Amino acid sequence: TTSSSDEKATSSSSVSDLFYALIYVSSVAPTALAFVLKEQVFRESQHLNLDIFVVNSFGSIVGLCFTVLLLPIASVPGLGKVPLSQLPEYMLHGLQCFTGANGTDQDNCTGSPLAPLLYLGVNVLY
C-alpha cells in the first residue's frame, strides 16, 4: 500500500512539474518572440534608420498593456492564489513593498526599493 501511494505521489508530482514547466515556458515565450521579431525588423528595415530606443519603448508599452490585460489570470484557481476581488489590494501592497513599506505584517520588503532599482539600473547600463 505504501509503494502504491508513493507511486501515485510521484506520478502526480511529475504531472504537476510538467504543468508548471509549461506555464513557465509560456510566460517567457512572448519575450523571446519579441526579441526575435525586433532583430528581424532591424535587419530588414536598415534603410528606415529605426531608433532602438523607440522600438524598445514601444515593445515595453505593449508588454505593459498585455500584463494589465492578463493580470486576472492570477485569480484562476490552480494558477494563482489571489481572488479577483482582492487583486487591486494585492497590487497596492506590491507598490507599497516597492517603496520599502510593509503593507501587511506578513510582508518582508527588506531591500526595497534598492534591489529592484539596482536590477533596473544594471539592465539599463548594460
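These figures come from a predicted structure and were not determined experimentally. (Residues numbered from 1 in each chain as written. Predicted model: local features only at pLDDT ≥ 70, side-chain atom pairs only at ≥ 80, totals over all residues. Heavy atoms only, no water.)

Turning next to the pattern of salt bridges. Taken as a whole, this structure holds one salt bridge when the rule is applied. As a salt-bridge pair, R43 and E39 come within 3.7 Å of each other at their nearest N and O atoms. Highlighted residues: R43 and E39, both in helix 1 (residues 2–44), separated by four residues, approximately one helical turn. Exposure remark for R43: the relative accessible area of 63% places this residue in the exposed category. (Salt bridge = Lys/Arg side-chain N within 4 Å of Asp/Glu carboxyl O. Helix = DSSP H or I, 4+ residues; strand = E, 2+ residues; numbered from the N terminus. Buried < 20%, exposed > 50% of the residue type's maximum accessible area, 1.4 Å probe, protein only.)

So, on to helix 3 (residues 87–98). A turn of α-helix holds 3.6 residues, and therefore any two residues three or four places apart point the same way. Compared with an ideal rise of 1.5 Å per residue, which puts 12 residues at 16 Å, helix 3 spans 17 Å between its outermost C-alpha atoms and is within 8% of the ideal. One or two residues past the end of helix 3 sits G100, with phi positive at roughly 100°. (Expected span 1.5 Å × (residues − 1).)

This part covers the confidence of the model for the chain. Confidence in the prediction for the chain averages 82 pLDDT; 90% of positions are at 70 or higher. By mean pLDDT, the top-scoring element of the chain is helix 4 (residues 114–125) (88), and the lowest-scoring one is helix 1 (78). (pLDDT = per-residue confidence, 0-100.)

This brings us to a nonpolar patch on the surface. A contiguous nonpolar patch, built from F19, Y20, I23, F58, V62, F66, L69, L70, I73, V76 and L79 and spanning about 1,000 Å² of accessible area, is present on the exposed surface. Breaking the nonpolar patch down by element, the ones donating at least two residues are helix 1 and helix 2 (52–70). Per-element accounting of the nonpolar patch gives the leading share, five residues, to helix 2. Considering the arrangement of structural elements, one finds L79 in the loop between helix 2 and helix 3. (Patch = residues over 30% accessible without salt bridge, like charges linked within 9 Å, V, L, I, M, F, W, Y side chains within 5 Å. Areas by Shrake-Rupley, 256 points an atom, 1.4 Å probe, with all protein chains shown as cover.)

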